[in-house]
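Given next are the chains, with one letter for each unit.
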Amino acid sequence: DTGVSQDPRHKITKRGQNVTFRCDPISEHNRLYWYRQTLGQGPEFLTYFQNEAQLEKSRLLSDRFSAERPKGSFSTLEIQRTEQGDSAMYLCASSSPLPTGANIQYFGAGTRLSVL
Amino acid sequence: AQKITQTQPGMFVQEKEAVTLDCTYDTSDQSYGLFWYKQPSSGEMIFLIYQGSYDEQNATEGRYSLNFQKARKSANLVISASQLGDSAMYFCAMREGGYGGATNKLIFGTGTLLAVQP
């Protein structure tokens, strides 16, 4: 049983460029989440998908951010016109309400973004 | 508003001893879930233990146990017999909503950095 996979692990980009991250959830999980973590802080929720539907978005998700989950499998998070303030670790998690109903979120290793 | 508070920025513990990491939470919901995650320097968040608000027994998972005191709104993590590999950042998190969770997002604390000394 493979865990949550994120690609790339590290991304360095220049301010103003667009970047895209990919997340492959645990195969039987229908729920997928994106979080952002800055240095010295806990992760902050960005958005949540149930299957292919994006059901919740944080106010942190500005117009420059867009997330998709076509066909309810992998997900992508795109940041357009990156700013230095976007530098952070971007974490993806997946979960299933079955079998226990606890809906435990399992995280990937994250993508560390540095905007120069 | 929902909030998780971890008041210990860092802690030391001797190898093979037990350690308690503090966590308090604030919610107006009657149904919620509490989680602890471990984050080593590699960055991955590793799930450790879960406690539902209606669970009467404290959760245990191997060397990890969760000391759940509902009236005090605390959910402290106890690690018994500490190992060098336990050195990491530890985060307490809360999900509002019952099983399945209508609001599925997790709210995290700021974490506690644990250093296990030989």
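About the cut-offs
- Residues numbered from 1 in each chain as written.
- Chains lettered and ligands numbered in written order.
- Predicted model: local features only at pLDDT ≥ 70, side-chain atom pairs only at ≥ 80, totals over all residues.
- Heavy atoms only, no water.
- Buried < 20%, exposed > 50% of the residue type's maximum accessible area, 1.4 Å probe, protein only.
- Helix = DSSP H or I, 4+ residues; strand = E, 2+ residues; numbered from the N terminus.
- Pairing = 2+ DSSP bridges.
- Axes fitted to C-alpha atoms, helices over the stretch in contact; angles between N-to-C directions.

Enquirer: Can you lay out the pairing of strand 5 (residues 44-50) of chain A for me, pointing to particular residues and giving the numbers?
Expert: All names here are of chain A. By the criterion of burial, strand 5 is predominantly enclosed, with five of the seven residues buried. Across six bridges, strand 4 (residues 31-37) lies against strand 5 in antiparallel orientation. Bridge pairing in strand 5 places R36 opposite E44. Adjacent in sequence and paired antiparallel, strand 4 and strand 5 are bridged by six residues, among which G40 carries a positive phi angle near 80°. With four bridges joining them, strand 5 and strand 6 (residues 53-57) adopt antiparallel strand pairing. For Y48, the partnering residue across the bridge sits in strand 6 and is E56. Turn length for the strand 5-strand 6 hairpin, with the two strands adjacent in sequence and antiparallel, is two residues, and the turn residue N51 shows positive phi of about 55°.

Enquirer: Residues and numbers for the sheet that holds strand 3 (residues 19-24) of chain A, please.
Expert: Residues and elements named next belong to chain A. Taken in spatial order, the four strands make up an open sheet running 1-3-8-7, and their pairing is antiparallel. For this open sheet the edge positions go to strand 1 (5-7) and strand 7 (65-68), each flanked by a neighbour on one side alone. The sheet shows a mean angle of 15° between the axes of neighbouring strands, direction not considered. The sheet contact formed by strand 3 and strand 8 (residues 75-79) spans five bridges and is antiparallel. Bridge assignment links C23 to a residue of strand 8, and that residue is S75.

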